[in-house]
Each structure stands twice: as C-alpha cells, then as structure tokens.
Amino acid sequence: MGKKKNIYSNKEWIKFSNLVKLRDDSKCVKCNRSKEQTVLQVHHLRYIKKLKVWDYPLSDCITLCKGCHAREHNIIEP
C-alpha cells in the first residue's frame, strides 16, 4: 500500500494558499504577525463537502499564524 499524497503539497493548493496570504498582506488576521515572525497557514471558515481545499472562494478563507490556527480548531487553549 503506497502513501497517500499530502494534498497540501499539491500545486493547486500552493497557488490558492499564496493568493489568500497575498490578499491578507502576508499577515495573520488575528494577531497581525508576519511570515518573517511565524508560520502562516490558510484557514477555511467553512467546509463544503466534495470541494477540494483549493476550490473554495477566497472569501471563505483567511490567513492565520500556526498558533491562531490551532486555537481556531481547539487544538490549543486560547
């Protein structure tokens, strides 16, 4: 059984996530930290069944730093 390819290494995702980050001035919309200060990630505000992660409208996504993104998903306490 082969390894499942990580969808976040897909060229379509990379292109989409770069557009979201560019729109948000390459800063976390919650804490305002930049890509020079932290790892930036794209957060989907809602999930739609059967849509690929890069097929969402840009308005359904925001840029968050790794910490703020984890808080959004209740992975770490706020």
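Up top is the structure.
Note that the structure is predicted; figures quoted are calculated from it, not measured. (Residues numbered from 1 in each chain as written. Predicted model: local features only at pLDDT ≥ 70, side-chain atom pairs only at ≥ 80, totals over all residues. Heavy atoms only, no water.)

Draft legend 1. Spotlight on the packing of aromatic side chains. Counted by the stated rule, this structure contains two aromatic pairs. Centroid distance Y8 to W13: 5.2 Å. Interplanar angle 80°. Geometry classified as edge-to-face. Take Y8: its relative accessible area is 45%, and that puts it in the partly exposed class. Seen from their ring centres, W13 and F16 are 5.8 Å apart, and the 35° between their planes marks the pair as tilted. Here W13 and its partner F16 are both found in helix α1 (residues 11–23), three residues apart, which amounts to about one turn of the helix. Across this residue pair, the class does not change: W13 and F16 are buried. Every member of this aromatic cluster is reached through a ring pair, and the members are Y8, W13 and F16. (Phe/Tyr/Trp six-rings, centres within 6.5 Å; stacked < 30°, edge-to-face > 60°. Buried < 20%, exposed > 50% of the residue type's maximum accessible area, 1.4 Å probe, protein only. Helix = DSSP H or I, 4+ residues; strand = E, 2+ residues; numbered from the N terminus.)

Draft legend 2. Local environment of the pairing of strand β2 (residues 61–65). In terms of residue burial, β2 counts as a mostly covered element, since five of its five residues are buried. Where burial is concerned, the two faces of β2 agree: the one with C61, T63 and C65 and the one with I62 and L64 are both buried. In the sheet, strand β1 (residues 40–44) pairs with β2 via five bridges, with the strands oriented antiparallel. Directly across from H44, in β2, lies its bridge partner C61. (Pairing = 2+ DSSP bridges.)

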